[in-house]
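Each chain, written out:
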Amino acid sequence: MPRITIEDLKKIKEEARQKMTLRSGDARARVVVHMSTCGIAAGAREVLDAFLRDAEARHLTDLLVTTSSCAGLCSREPMATVEIAGQAPVKYVDLDPAKAGRIVAEHILGGAVVREFALAAGSETAS
Amino acid sequence: MAYRAHCLICTGTGCVAGGSFNLRKTLEAEIAKRGLDREIQVITTGCQGFCAEGPIMIVQPDGVFYCRVEERDVPAIVEEHLLKGRPVKKLLYTPPTEKAPIPALKDIPFFAKQKLIVLRNRGLIDPDRIEDYIAVDGYTALGKALTQMTPEGIVLEIKRSGLRGRGGGGFPAGIKWETCRHAGQVRGVAPVVICNADEGDPGAFMDRSIIESDPHSVVEGMIIAARGIGASEGFVYIRHEYPLARQRLQLALDHAREFGLLGKNILGAGMDFDIEIREGAGAFVCGESTALMASLEGKLGEPRAKYIHTVEHGYQDRPSNLNNVETYANVPLIILRGADWFASMGTGDVKENPWNGSSGTKVFSLVGKINNTGLIEVPMGISLREIIFDIGGGIPKGRKFKAVQTGGPSGGCLPEEKLDMAVDFDSLTEAGSMMGSGGMIVMDEQTCMVDVARYFIAFLTEESCGKCTPCREGLKTMLDVLTRIGDGKGRMEDLGLLEEMGAVMQDCCLCALGTSAPNPVLSTLQYFRHEYEAHIRDKKCPGGVCKELITYGIDPAKCDGCHACVRACSTAAIMGEVKKVHTLDVHKCIKCGACIEVCRRDAITRT
Amino acid sequence: MHIDPAKVDAIIQRHGRKREHLIAMLLECQEEFTHLPEPVLQRVSEQVEVPLPSVLGIATFFRAFSLKPVGRYPAHICMGTACHVKGAPRLLEAFERELKILRGQTTDDLLFSINTVNCLGCCGLAPAVTVGKDVHGKLKQADVPRILKKYRPKEA
């Protein structure tokens, strides 16, 4: 990649920003597994693997499974955020691989939030 | 042959009354019609125990739980779920208590009272992708600093924002930058920019989390600092116990270099700057600037006297600007939104003089005996009560709050009377604690304050470099006295001795590790003197922690004879038959507390 | 234990023999050999041209270094403040009782060693312990035998 100028930076920003917002048509849903040291220690990697395995087993090519960092609520790790196009993202807590399977089945495919381990809807916003 | 899925239909009395046998027939017929009968098996089961919502059907391996299933639902289940893999939403079970819509994040106190500046991108972006950071305005502040601001203007902006160092003492960053820039110009020596990521306070993990969440915010902050100060070389000194943070930071540096945001002629604006990672190998004293820089040079991490400041003569005798991770992570937004915006948050009016208050936010790791353990960011000036009881959700098991410890081993323990105090640099110092790097450890009635003081002094005794006598010998004496008190062999005069020793260390130690080391003892003596007295005079430990002063027992009114403690006890000190009240032989008991951890009825006593 | 000087040299070379990288070199040597035996320190001293006592000084000053061999699965009991108030000292004793060694020691079969660490930064999982590279959190004393069993060779 060649060295960039400030103009290039703006272009990269526009392109990257479009990829970050989930619009219907692009993908059915996005799962973000929160992975930092403590989350991984609590089992986030196993949860991530479960989501990936499930997406593959069900041939969900339009499900994006990605990672991000700590969501701050350490006592409820592992956590994941599920975002379906056009809906407020939902944060799930205290996850394990079996619960990941249910989220894929019920929330992502069935459209019903799995209330037993959903913490809240919406996202943290900077002010 | 193996089936790919199983439909389990409940045929308990309740569900049969609801028509589950007919349901089975219809389902099997529908499955056969669709040619799925070799893939999906229908099984009837015994009662699932959820008769009120019957007939019940469970689809495995998905684990999807359908209730009130009727024959007319069957085509939808087969078509949508079994064929297309989409569970039928209207048949999914919703517990009555959860009929209300799930709460919005902003209505949950843990999130509602936080204000995210440093952690603005946590959980949102992929820390391994520079494009994600750029998408959320990343490196825009750098562009502004390079094209629209002079180096002096950058330093002035930081000074007017009132940003004070987030790593310990709270020294205004702008003043430090100004001094460093000036020293470089006067001496004609290029300054260096150093980031302290050697987070050493036990119970604090803010810096690790910031780097793991948003490494580019730290990198961008350092580049802007370098521009303001006139540096072309930077270092991040990071704990080797943080492998994931180091890995993410290294990747961030590599990407920034690839994009031309580090290296020669940054953003085509003629600035040269690069950053190198150096690992620490575990030494608390390296939080002290002179020790950190010695360690950066590959030498022993011992501090020296600071009549010559590192900001003028630091790493390799060059002017060195040292800030911590959180401080640098604040910089990009201050440059982007301006000093006025930042100064409008927090306490005091800092625009004329950054020492006049505490602006912005602070990240804390809220840990210990608290329901919502976590990493939080709050505006300066919030009360301890809001942090502990609103954000933290209070103390587990309905126990009573006793103290909150802030500032790490250099800080102190604050009691209930101080809960309504505003959290900022100066109020905490005035109360006998300090901001430190942001560890906040909550303690309940089962914590012993003498034990806590002893814990910190033991920690510091191990971490003292031993170079100056008051620190080396003072800590050792304090540890001996505290151990004696905990063992029930203390004398009332010991309390005066601790205070005297503390005063000497505050006056005479070489570096801040030593001068602040007595704080945990002095603050507990100030607020919890009665606990020390109970240990000495009554030979009792009110928190039930100090082994020599407590005896284990079993409360016959609470014990239900579940035998869990008998299995946990490694010395066979607990006896009793199942379902009969157990007894404990104090002569065999080693007071390890394994029984308490497994007792579900709170029947083990410590008196 | 056999020390291959070529391995030490490769590490030193990677760091350009720079004195400023002494700590990083020693950390990598320790990773390679599990501890810092004398021949390694000797070699580093010669190659980087730093007197042996200075190298030894660093190797004993920082907590991360060990001059003695450690177990294949070192158990590090976190002694952070959050872990302390949630019972870390009693957990340490449970490990000591179970392995019949004290803090700072290694079992005779070189499988385990016990040490404390100031803070793992996983305070949300207090009390926490690492065994080898795995973090185990929210531990009770009763969990200790089960955890250690995972690392013991399966009996034939």
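Asks: Explain the sheet that holds strand β13 (residues 374-379) of chain B to me, please; I cannot follow it from the model alone.
Replies: By way of backbone hydrogen bonds, the strands of a sheet pair with one another, either parallel or antiparallel. All names here are of chain B. Pairing is mixed across the open sheet formed by 5 strands, whose spatial order is β13-β12-β16-β14-β15. Each having just a single partner strand, β13 and β15 (412-415) make up the two edges of the open sheet. Adjacent strand axes in the sheet meet at a mean angle of 30°, parallel and antiparallel pairs treated alike.

Asks: How do you make sense of the interface of chain A and chain B when you look at a structure like this?
Replies: Often, the extent of an interface is quoted as the loss of accessible area on bringing the components together. Contacts between chain A and chain B engage 46 residues on the former and 53 residues on the latter. Counting only elements with at least two residues in the side of chain A that touches chain B, the list comes to α1 (6-20), β2 (63-68), α4 (97-109) and β5 (118-121) of chain A. Looking at the side of chain A that touches chain B element by element, the count peaks at 7 residues for α1 of chain A. Classifying every residue of the side of chain A that touches chain B gives 20 nonpolar, 17 polar and 9 charged.

Asks: What is the right way to read the nonpolar core from this model?
Replies: It is characteristic of soluble globular proteins that their nonpolar side chains tend to be buried jointly. Membership of the largest hydrophobic core comes to 269 residues, with the highest contact counts inside it found for Met222 of chain B together with Leu26, Ile77 and Cys78 of chain C. Among the elements that line this core, the one with the most residues is helix α17 (residues 449-463) of chain B, at 9 residues. Not counting the four nearest positions on each side in its chain, cysteine 78 of chain C is found in contact with Cys83, Ala88, Val117, Cys119, Leu120, Pro127, Ala128 and Val129 of chain C.

Asks: Sorry if this is basic, but what is going on with the confidence of the model for chain C here?
Replies: Caution is warranted with low-pLDDT regions, since their predicted coordinates should not be read in detail. Residue and element names in this part refer to chain C. Confidence in the prediction for chain C averages 92 pLDDT; 98% of positions are at 70 or higher. Helix α6 (residues 88-99) holds the highest mean pLDDT among the elements of chain C, 96, whereas strand β4 (residues 134-136) holds the lowest, 89. Per the prediction output, this complex has pTM 0.87; the corresponding ipTM is 0.90.

Asks: I'm lost on the sheet that holds strand β1 (residues 5-10) of chain B in this one. Help?
Replies: All names here are of chain B. With mixed pairing, the 4 strands of this open sheet are ordered in space as β2-β1-β3-β4. Of all strands in the sheet, those with a lone pairing partner are β2 (40-45) and β4 (64-66), marking the two edges. Each strand axis lies, on average, 20° off the axis of its neighbour in the sheet, ignoring direction. In this sheet, β4 lies alongside strand β3 (residues 57-60) in antiparallel orientation, the contact comprising 3 bridges.

Asks: Is there a simple way to think about the domain arrangement of chain C in this case?
Replies: Domain assignment breaks chain C into domain 1 (5-61) and domain 2 (73-149). Spacing between the C-alpha centres of domain 1 of chain C and domain 2 of chain C amounts to 29 Å.

Asks: Looking at this structure, I do not really get the interface of chain B and chain C. What am I missing?
Replies: Listed as interface residues are 39 residues of chain B and, on the opposing side, 36 residues of chain C. Of the residues belonging to the side of chain B that touches chain C, the class tally is 16 nonpolar, 16 polar and 7 charged.

Asks: Could you clarify how one ought to interpret the pairing of strand β5 (residues 192-197) of chain B in this entry?
Replies: Here is the key point about a regular strand: its side chains alternate between the two faces of the sheet. Residue and element names in this part refer to chain B. Across the 6 residues of β5, 6 count as buried, placing the element largely inside the fold. Every second residue of β5 is oriented toward a common face, with Val192, Ile194 and Asn196 on one face and Val193, Cys195 and Ala197 on the other, all of them buried. In this sheet, strand β6 (residues 233-239) lies alongside β5 in parallel orientation, the contact comprising 6 bridges. Its bridge partner being in β6, asparagine 196 is matched across the sheet by tyrosine 237. As judged from the 5 bridges shared by β5 and strand β9 (residues 320-324), these two strands associate in the parallel manner. By the bridge assignment, cysteine 195 is partnered in β9 with asparagine 323.

Asks: In this structure, what is going on with helix α11 (residues 243-258) of chain B? I would like to understand it.
Replies: The periodicity of an α-helix, 3.6 residues per turn, causes residues three or four positions apart to be oriented the same way. Residue and element names in this part refer to chain B. Taking 1.5 Å of rise per residue, the 16 residues of α11 would be expected to cover 22 Å, and the 23 Å separating its terminal C-alpha atoms lies within 8% of that figure. Among the residues of α11, Ala245, Arg246, Arg248, Leu249, Ala252, Leu253, His255 and Ala256 are the ones counted as buried. Against α5 (130-135), α9 (206-213), α10 (215-229), β6 and β8 (271-280) lie the buried residues of α11. Positioned one or two residues after α11, glycine 260 has a phi angle of 75°, which is positive.

Asks: Would you take a moment to explain helix α2 (residues 22-33) of chain C for this structure?
Replies: The end-to-end C-alpha distance of α2 of chain C is 16 Å, a good match for the 16 Å that 12 residues give at a rise of 1.5 Å each. Those residues of α2 of chain C not exposed but buried are Leu22, Ile23, Ala24, Met25, Leu26, Leu27, Cys29 and Gln30 of chain C. The elements touched by buried residues of α2 of chain C are β8 and α12 (289-296) of chain B together with α1 (5-14), α3 (38-48) and α4 (52-61) of chain C. Looking at the residues trailing α2 of chain C, positive phi occurs at threonine 34 of chain C, about 65°.

Asks: Help me understand the environment of glycine 165 of chain B, please; the structure alone is not making it clear to me.
Replies: All names here are of chain B. Looking at the secondary structure, you find glycine 165 in the loop between α7 (151-161) and α8 (173-187). Separated by 160 residues in sequence, glycine 165 and valine 325 place their C-alpha atoms 9.6 Å apart. Not counting chain neighbours up to four residues away, the residues in contact with glycine 165 comprise Gly170, Phe171, Ala173, Asn323, Asn324 and Thr327.

What counts as what
Residues numbered from 1 in each chain as written. Chains lettered and ligands numbered in written order. Predicted model: local features only at pLDDT ≥ 70, side-chain atom pairs only at ≥ 80, totals over all residues. Pairing = 2+ DSSP bridges. Helix = DSSP H or I, 4+ residues; strand = E, 2+ residues; numbered from the N terminus. Axes fitted to C-alpha atoms, helices over the stretch in contact; angles between N-to-C directions. Contact = placed C-beta atoms within 7 Å. Nonpolar A, V, L, I, M, F, W, Y, C, P; charged D, E, K, R; others polar. Core = buried A, V, L, I, M, F, W, Y, C linked by C-beta atoms within 7 Å. Buried ≥ 20, exposed ≤ 12 C-beta atoms within 10 Å, placed from the backbone. pLDDT = per-residue confidence, 0-100. Domains from an automatic or database assignment. Expected span 1.5 Å × (residues − 1).

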